[in-house]
Amino acid sequence: MIKNDKIKYSQMALLLCVIIPAEKVLGLPVSSFKCGGRDFWVALAINFILDFVCLIPILIGLKNNKNNVPVREIMNNAIGKIPTKIIFALLGLTFVAKFLVVFSDTLSLFFNTFVFKSNWVAFAAVALIAGGFLLIRGFKTIARLSEIYFIPVVVCLIAIIALSIKDCDINNLRPFADEGFAKIGKTCLFSSFYFSDFLLIWLLSGDITEINKRREQIPLGFAAGGILAVAVSVVYIALFGELAHYGDVAIARVSQFNLNSLNVGRLDWLLIAVWINAIFFLLFTYAHCFIKCCENVLLSDTGEDLKNKKKCAIASYAVFGIAVVLLPLFFDIRFVISGIMQRGWGKYPFIAISAALAFSFPFFVNKVNKKQSATTRVRGKRVKILEV
């Protein structure tokens with residue numbers, strides 16, 4: 001957030017493959033089963049497909065954004081400064097809410113897997129200190145760490161799935177859509193808050209740069225992450241059937257299902273211990289995105305000097321940390337967020353704004369390109385006149 005935020009396409013692709021499943025294999029399968037029954041995994045797959053469709057115009061905009069114009073400048077030019085600030089403020093609140101939900105599920109995962117129980121303040125303080133150190137080093141540090149941990153994290157997630165496949169009962173997935181497709185559609189809306197991962201690419205579009213731009217790596221990483229997340233949900237329902245609504249963290253129950261090989265030791269905690277790094281990469285990414293949103297709201301167009309950026313980043317992370325530590329002490333934050341963004345009205349503007357930002361992006365980029373081309377032509381004419 002202070003030193004270096006520029007990352008490569010390949011780094012972004014690997015980061016997406018690591019963090020996309022992290023949010024979707026914790027509490028989402030359990031809560032979605034309560035809403036949609038055994039077909040909840042279909043709703044998750046549909047949401048991933050819709051996310052991928054929204055990713056396409058963003059990739060088109062990335063391709064056309066040859067000068068790596070920051071997303072704030074693109075939005076300011078397209079809709080004006082005040083609407084742009086409002087959008088970034090709403091996105092900032094969304095990233096805080098997502099962080100709180102994932103962090104709450106992470107505490108449950110620690111308790112279910114390692115039989116380790118900590119209070120919220122102590123656990124949050126340790127995570128925020130570690131996250132602050134990494135973010136001071138720059139978002140590129142997180143991207144590099146995701147490169148290093150990519151193979152062990154993905155291998156451990158695949159191993160968790162593979163070790164339980166032999167115990168899956170395909171009959172737990174049948175009958176398909178016996179309660180109609182309306183319930184699947186309802187579950188799509190219910191779980192929508194956990195999606196819209198394309199917003200990460202939209203927000204960080206000005207920071208993704210590479211000499212040999214291989215943009216096809218991003219959709220590959222995006223798709224791979226989605227497939228892994230859906231696979232965990234399918235295995236989860238195939239293992240537990242109607243009992244899937246018990247418990248709170250799906251990945252913990254899937255990893256612990258096959259414990260009959262105690263003579264060679266338990267693998268579940270070891271696999272989770274490695275894979276859990278993906279959750280922390282996700283949390284730090286959300287924190288970085290919150291800081292980016294604050295910068296886009298608080299800094300002026302000319303306020304890009306390092307001194308102002310440092311002050312804004314430090315203040316933003318301090319506010320973020322205070323919110324993360326204190327809010328759950330006064331509110332049942334998981335219940336409040338779920339009530340607004342899953343069961344309540346909040347999901348509708350979230351879906352609408354997310355889709356609008358995605359599909360308008362290439363048009364807004366073209367508008368900026370035309371403006372820059374016109375400015376270049378005018379400057380060229382002035383130079384010729386001065387030469388004469």
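Residues numbered from 1 in each chain as written. Predicted model: local features only at pLDDT ≥ 70, side-chain atom pairs only at ≥ 80, totals over all residues. Heavy atoms only, no water.

**Describing the packing of helix α7 (residues 139–165) against helix α13 (residues 277–298)**
Stage number 1. Closest axis-to-axis distance for the α7/α13 pair is 10 Å, and the angle between their directions is 160°. Between α7 and α13, the angle is such that the two are roughly antiparallel. You can see that α7 and α13 cross each other, and the crossing is left-handed. Seen from α7, the contacting residues are Phe-139, Ile-142, Leu-145, Ser-146, Tyr-149 and Val-153; seen from α13, they are Asn-277, Ala-278, Phe-281, Phe-284, Thr-285 and His-288.
Stage number 2. Taken together, the residues of the contact of α7 with α13 sort by class into eight nonpolar, four polar and no charged. (Axes fitted to C-alpha atoms, helices over the stretch in contact; angles between N-to-C directions. Helix = DSSP H or I, 4+ residues; strand = E, 2+ residues; numbered from the N terminus. Parallel < 35°, antiparallel > 145°, perpendicular 65-115°, else oblique. Left-handed = near helix turned anticlockwise from the far one by under 90°. Contact = heavy atoms within 4.5 Å. Nonpolar A, V, L, I, M, F, W, Y, C, P; charged D, E, K, R; others polar.)

**Topic: the state of the cysteines**
Note: disulfide means a covalent bond formed between the sulfur atoms of two cysteine side chains.
Stage number 1. What the rule picks out here adds up to zero disulfides.
Stage number 2. Among the cysteines around Cys-312, which has no disulfide bond, Cys-294 carries the closest sulfur, lying 6.3 Å off. (Disulfide = S-S within 2.5 Å.)

**Some words on the layout of surface pockets**
Stage number 1. Empty space within the second largest pocket amounts to approximately 510 Å³.
Stage number 2. Forming the boundary of the second largest pocket are 22 residues, of which Leu-90, Leu-93, Thr-94, Ala-97 and Met-341 lie nearest the centre.
Stage number 3. Among the elements of the structure, α5 (81–114), α14 (306–330), α15 (333–341) and α16 (347–387) are those that each provide at least two residues to the lining of the second largest pocket.
Stage number 4. Sorting elements by how many residues they give to the lining of the second largest pocket places α5 first, with eight residues. (1 Å grid on protein atoms, 1.4 Å probe; cavity = no way out; pocket = protein on both sides within 12 Å on 5 of 7 lines; lining within 4 Å. Points joined across faces, edges and corners; volume = space filled by probe spheres on them.)

**Quick notes on the environment of Asn-369**
Stage number 1. Relative to the elements of secondary structure, Asn-369 occurs in helix α16.
Stage number 2. As a C-alpha pair, Asn-369 and Ile-74 span 295 residues in sequence and 9.4 Å in three-dimensional space.

**Let's talk about the nonpolar core**
Stage number 1. Judged by nonpolar contacts, the single largest core of 121 residues is most densely connected at Leu-109, Ile-201, Trp-202, Ile-218, Ile-251 and Trp-275.
Stage number 2. Setting aside its immediate chain neighbours within four residues, Trp-202 contacts Ile-58, Val-71, Met-75, Phe-88, Leu-91, Leu-357 and Phe-361.
Stage number 3. Ranked by size, the runner-up nonpolar core spans five residues in total, among them Val-42, Ala-43, Ala-177 and Ile-184. (Core = buried A, V, L, I, M, F, W, Y, C linked by side-chain atoms within 4.5 Å. Buried < 20%, exposed > 50% of the residue type's maximum accessible area, 1.4 Å probe, protein only.)

**Concerning the pattern of salt bridges**
Stage number 1. Counting across every chain of the model gives eight salt bridges.
Stage number 2. Between Lys-6 and Asp-207 there is a salt bridge, with its nearest N and O atoms 3.7 Å apart. Highlighted residues: Lys-6 in the segment before α1 (9–24) and Asp-207 in the loop between α9 (198–203) and α10 (217–240), separated in sequence by 201 residues.
Stage number 3. Classification of Asp-207 as buried rests on a relative accessible area of 10%.
Stage number 4. Note that Arg-38 is salt-bridged to Glu-242, the shortest N-O span being 3.3 Å. Placement of Arg-38 in the loop between α2 (28–36) and α3 (40–64) and of Glu-242 in the loop between α10 and α11 (250–256) is noted, with a sequence separation of 204 residues between them.
Stage number 5. Here the salt bridges do not stand alone but share partners, grouping Glu-23, Lys-24, Lys-98 and Asp-197 into one network. (Salt bridge = Lys/Arg side-chain N within 4 Å of Asp/Glu carboxyl O.)

**Focus on the confidence of the model for the protein chain**
Any region with low pLDDT has predicted coordinates that should not be read closely.
Stage number 1. Looking at the protein chain as a whole, its pLDDT mean stands at 86, while 89% of the residues score no less than 70.
Stage number 2. Per-residue pLDDT stays below 50 along residues 261–265; that stretch engages in zero contacts with residues further than four places along the chain or on separate chains.
Stage number 3. Contacts of residues 382–388 to residues separated by more than four positions or lying in other chains number zero contacts, the stretch itself having pLDDT below 50. (pLDDT = per-residue confidence, 0-100.)

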